[in-house]
Amino acid sequence: MSLFDQFEDAAAHSNTFPGPSLSKSADQRTVPVILEQGYVSTNVQNQSLPIFSLDRVQFPFPVVNLVSLAVSSNILVIVADGRSSSAARKDGQSQRIYRIDLGKSDAIDEVEPVLRQKTDKVRRVFLDPTAKHLLISTEAGDNYYLYHKWKKPRILNKFRGVLVESVAWGKPRDVMAVPSTGVMLIGTRHGHVFEAELQPTDEFFKREERYFRQVYVVPDENLPICSIRFEEFPAVPRKYVVFLSTSNRLYQFIGDVTDVEVSGSMFTELFRAHDGHSANFQEIPGELARSELQFWSQFVQATGYPSVPKTFAWLTSAGLFCGDLTFGNQALGDSLINNAQLLPYPRPADSPAQSSPGNPYPPTEPPISVNITEFHYLLLYESSIKAVNLLTSEVDYEENIPLEFGEFVLGLFVDRIKCTYWVSTNLSLYELIITEEDRDVWRIYLDRKSYDAALSHAKNPAQKDTVITAQAEYYYSQSRYMLSATYYAQCVSLSFEEIVLKFIEKDERGALQQYLLQKLARLRSQDAMQVTLISTWLVEIFINRLNVLQDEKNDAIASLDMLEKSGDTEEALQEGRIQKRRIDEEESVAIEEFRQFLQKYKARLDLNTTSNIIASHGRTQELLYFLELMGDFERVITHWIQEKNWQKALEALARQSSMSLYYKFSPGLMEHAPFDTVNAWIRQPNLNPRNLIPALLRYENRVTDPSQRAEGQNQAIRYLTYVTRNLGNTDTAVHNYLLSLYVAQARHNNEEGLLQFLHSEEKPYYDLQYALRLCCQYGLSQASVHIYGAMNLHEQAVDLALKSHDLELAQINAEKPEEDDALRKKLWLRIARHVVEEKRDIKQALAFLSQTSDLLKIEDILPFFPDFILIDDFKEEICSALEDYNDHIEELKAEMDEATRSAESIRLDIRDLRNRYTPISVTESCHLCRLPLLTRQFYVFPCEHVFHADCLTTRIVEESIPTRAARIKDLQARIAQIVAARRAAQDDPGLGLASAMSAMRLGRNLLDQTVSHYSAVAEAKPVDKAEADALKEDLDELIATECPLCGDLMIKSVDRPFIGENEADVVRSWQI
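Please read these numbers as outputs of a predicted model, since none were measured by experiment. (Residues numbered from 1 in each chain as written. Predicted model: local features only at pLDDT ≥ 70, side-chain atom pairs only at ≥ 80, totals over all residues. Heavy atoms only, no water.)

J.: I tried to follow the overall build of the chain on my own but got confused; where do I start?
T.: Helix and strand counts for the chain stand at 38 helices and 34 strands. The proportion of buried residues among the 1072 residues of the chain is 44%. (Helix = DSSP H or I, 4+ residues; strand = E, 2+ residues; numbered from the N terminus. Buried < 20%, exposed > 50% of the residue type's maximum accessible area, 1.4 Å probe, protein only.)

J.: What is the right way to read the side chain of threonine 721 from this model?
T.: For threonine 721, the position within the fold is in helix H20 (residues 715–725). Judged by relative accessible area, threonine 721 falls into the buried class, the value being 14%. Look past the residues within four positions of threonine 721 in its chain and what remains in contact with it is Asn726, Leu738 and Tyr742. (Contact = heavy atoms within 4.5 Å.)

J.: Got a minute to help me understand the packing of helix H10 (residues 509–522) against helix H11 (residues 528–566) in this structure?
T.: A pair of packed helices is characterised by two quantities: the angle between their axes and the separation of those axes. In contact at an axis separation of 10 Å, H10 and H11 are set at 150° when each is read in the N-to-C sense. Taken together, the axis directions place H10 and H11 in an arrangement best described as roughly antiparallel. Crossing handedness for the pair H10 and H11: left-handed. Residue-level inspection shows Arg509, Leu512, Gln513, Leu516, Leu517 and Leu520 of H10 in contact with H11, the latter providing Val531, Ile534, Ser535, Trp537, Leu538, Ile541, Phe542, Asn544 and Arg545. (Axes fitted to C-alpha atoms, helices over the stretch in contact; angles between N-to-C directions. Parallel < 35°, antiparallel > 145°, perpendicular 65-115°, else oblique. Left-handed = near helix turned anticlockwise from the far one by under 90°.)

J.: Got a minute to help me understand the sheet that holds strand E5 (residues 75–81) in this structure?
T.: Hydrogen bonds between backbone atoms are what pair the strands of a sheet, whose relative direction is either parallel or antiparallel. One open sheet accounts for four strands, arranged E4-E5-E6-E7; its pairing is antiparallel. Two strands lie at the open edges of the sheet, namely strand E4 (65–72) and strand E7 (108–111), each paired on one side alone. For this sheet the average axis-to-axis angle between neighbouring strands, irrespective of direction, equals 15°. Inspection of the sheet shows strand E6 (residues 95–101) paired to E7 by four bridges, in the antiparallel sense. Directly across from isoleucine 97, in E7, lies its bridge partner valine 111. (Pairing = 2+ DSSP bridges.)

J.: Would you take a moment to explain the pattern of salt bridges for this structure?
T.: Side-chain pairs of opposite charge can arise whenever the charged atoms involved come near each other. In the structure shown here, the tally under the stated rule is 38 salt bridges. Across the pair arginine 154 and aspartate 202 runs a salt bridge, and its minimum N-O distance is 4.0 Å. One end of the pair, arginine 154, is in strand E11 (residues 154–155); the other, aspartate 202, is in the loop between strand E16 (192–198) and strand E17 (209–217), with 48 residues separating them in the sequence. Take arginine 154: its relative accessible area is 28%, and that puts it in the partly exposed class. Overall, the relative accessible area of 69% leaves aspartate 202 in the exposed class. Through salt bridges with shared partners, a single ionic network connects Arg123, Arg124, Glu165 and Arg189. (Salt bridge = Lys/Arg side-chain N within 4 Å of Asp/Glu carboxyl O.)

J.: Where do I start with the sheet that holds E16 in this structure?
T.: Pairing is antiparallel across the open sheet formed by four strands, whose spatial order is E12-E15-E16-E17. Unpaired on one side and paired on the other, strand E12 (164–168) and E17 mark the two borders of the sheet. When the angles between neighbouring strand axes are averaged without regard to direction, this sheet yields 25°. As defined by bridge partners, E16 adjoins E17 across seven bridges and the pair is classed as antiparallel.

J.: Where do I start with the environment of phenylalanine 281 in this structure?
T.: Looking at the secondary structure, you find phenylalanine 281 in strand E21 (residues 280–283). Among the residues examined, phenylalanine 281 registers a relative accessible area of 29% and is labelled partly exposed. C-alpha separation for the pair phenylalanine 281 and phenylalanine 243, spaced 38 residues apart in sequence, amounts to 9.5 Å. Apart from residues lying up to four places away in sequence, phenylalanine 281 is in contact with Arg249, Leu250 and Tyr251.

J.: What exactly am I supposed to notice about a negative patch on the surface here?
T.: Residues Glu883, Asp884, Asp887, Glu890, Glu891 and Glu895 make up a contiguous surface patch of negative charge. Among the secondary structure elements, glutamate 891 is positioned in helix H30 (residues 875–914). (Patch = residues over 30% accessible without salt bridge, like charges linked within 9 Å, V, L, I, M, F, W, Y side chains within 5 Å. Areas by Shrake-Rupley, 256 points an atom, 1.4 Å probe, with all protein chains shown as cover. Lys, Arg positive; Asp, Glu negative; His and termini not counted. Charge placed at Lys NZ, Arg CZ, Asp CG, Glu CD.)

J.: Explain the packing of aromatic side chains to me, please; I cannot follow it from the model alone.
T.: By convention here, two paired aromatic rings are described through the distance between centres and the angle between planes. Under the counting rule described, the total for this entry stands at 33 aromatic pairs. Pairing phenylalanine 597 with tyrosine 601 gives two aromatic rings, centres 5.2 Å apart and planes at 45°, and the pair type is tilted. Of the two residues, phenylalanine 597 and tyrosine 601 are both situated in helix H12 (residues 570–601); the distance of four residues between them amounts to about one turn of the helix. For the residue pair phenylalanine 597 and tyrosine 601, the accessibility class agrees, reading buried in each case. Pairwise contacts between aromatic rings join Tyr476, Tyr481, Tyr488, Phe496, Phe503 and Tyr515 into one cluster. One residue, arginine 154, lies across the ring of tryptophan 150, its end atom 4.0 Å from the ring centre. Positioned above the aromatic ring of tryptophan 640 is the side chain of lysine 648, whose terminal nitrogen or guanidinium carbon lies 6.0 Å from the ring centre. (Phe/Tyr/Trp six-rings, centres within 6.5 Å; stacked < 30°, edge-to-face > 60°. Lys NZ or Arg CZ within 6 Å of the ring centre and 35° of its normal.)

Structure below.
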């Protein structure tokens, strides 16, 4: 089974479908048809419609005799007689002008031409490209203008007497916001050229002719101007060319034009420039009653006008003069015609060739009319129409026109905007339908071996494959294998094996590589197996090519060495050096191509297979590149470690992102290149230092004495210090190991590094017990003292410092318990005792009194002094202490006096508060219930708002939160119980339950009355009175803290509606 043609069997057994037989032998070639993407069947032929066909037009109105016709922008204008030809010749008033919109079958406008002379008749009509302006010419020399919005044409007085034969329309322009025809050139029957511009107007006294003037006369005035056209040069503004043809001459006028608004004419100066020169023209002798000059433009511009013409065809008596038009930098007198040729008219198929030895091309009857398409010349004869191929000059189409008795052909007309073609007789109208005109153009170019042109005109994948296959076979036959490989890769009809064997047979490895690369680039993503196989094959080819270049390079080096040793000439040496340099460049290019290939197809290559292929050829550098490309850094690093190239190994390790490889290879790298390894670790902040401890241990065991390390510093300490300080690592194991490294370093040097580490740890993450045990084990007293302090064992810290005779360190640790003055005093006493007893330094002990900020007194350290010490040594300190005591006593006395005065002032304020009063009017009313205030107990606030006690209590309960309201009700109930109990104690049955209930309702008001009434009972029970007073104070604090009308309660009730839910009667009272 083929690698790519997996449907080979299905293609071999596919059915065949007969297709139409073509006239030319070249067309008998079978066209391959694409069945699926990547597979071609060559047994199916395409069936399609003919390229050219005549279709007769059915008129929806009676037509007796067609006189003239014009078509443009899908608008067809017909001049027809409504009566027989003989009657029409006598009376021209029977003519009608029909304006037909070909896009709408019912859009037909009929216009009756009202001619100035009744016997006059319309002979020709001319329609501009926009189909808005129509020029009508009559046999009597009158000319009329019909705008597309008008119903009747208007006579052009300035045109009187001019028999118009051709019109060159310009681009319309707006003059004073009114559209015009633009500048137009008119060719007449007598060889005159007029310039004019028409503008439709509705004003009665204003004419349509903006201007009308003669600008040129051909030298032979008896010859009519059959065709005329002007074009602007695309790249040069205001530079124009005018084409003008008669029956035997084709003129070209090139020059600059002027502004119409300034000079009143556009082409006058252009034609005047040719007065003193012989105009550029081509002359073909012969007499032809009717000549035509036709042009073909490639596309229609956005303005709705055709682009500049590319080709032309001129109808002459000797043949069809045709060629290309090139707009460049031509000047006055130059020609735009290029590749011109005179084609003889084709001879009818049924007429024998009457040639003679002196005249191999006997004359034939010229056509009546001619036109041009993209690939054909259309020739209209008296009873037939032919299409001649521009490329082969052969007749591709010929059809007879069915003519009735008395019917004759008028001409061939074309709509350049819509690219439609029309054949008119005096009785009928035919449309020449063109279907896929360029259908077989690709075959013609293919036969000419113009493959690019053939490919550009191929319509479907099958045709394109035929062209590409032929092109590939051609280049292969010409031994241009690299180029053929490029096109073979685009072939679909040829099998993969067939093409590969072609190149293997010729031993063209470069072409085979090119073919495989191109084929690989064209495979689909779902063809995974094919991509992998071809990619692997290409790896083998690339490696083989590199080996060949390496052998050539070695040979060149050996040859160059021999030349140098033999003392050969400088030219031979220079040639050898050039050859070696060329091989080096080829090798560099080949290596770069191979690496680019690996980069592009790495996802499709199998890692093990590809690496084995590369390794089998000994290409170490390419193997390492491929492994890195595939992300297999483990094998790359292993290779460099085996080569003991530690720097390369570290570079490879740094180019990957897997942390596991760092942990795997770091022990070996740390042993041989510790400094660079630590640098690599530092560049990877995501590493877990705990996992690197084995590598650090291996590094520590390499050299027992740190002073013998070549790098001058401990790399383990450098890395762990970096991760703890810069990266904020808090792993206890890491900090413990770093501490152990500092301890080991301090054993050989000093404790400076260890102390810096301990002081840098504001919050120690190492194990304090482990650190203390380690420092004590190796006798590191300063570090041990610091650790004791970190463990809040200040007594042990001070004792160890004093034991080490480090008085300064002891003092520092004595100040650490700042919040425990007793402990600080104890520690300082230990230091003072050590100073007095051990050092016998009384002065220094006394200095502690000022250092401790009065924490120690002279009496605290006196017990440490020897019994027989002289007082003179510390007399001043004793006097100073006594003075301090005296000052302190005086301060205490002053404070006592101040306290006495403050107490007296407070007593006076209390007495004044008891006598404070507020005047209340007898007519004052409660601000809540609006009843007289003095009828029952009330509250008065500093803001002068007054309330009944029960009204205030009710309002506060309503406005308070549930817990506060419950507290108020509870206090009321307890007060009422006390009042009821006192009344029951006096055995007053009239004030039992009623008084209790009243007290519960009235709160403090009734309580005060009850307490006043039973004062005797209250005096007899002081406990109940005290309890009642406390409850009253609590109740006052809850209900009388602030005024309910101007305090926080009023502010919090701002979102409450003015009318509550229980005030529905108030709402009803406002209803009308």
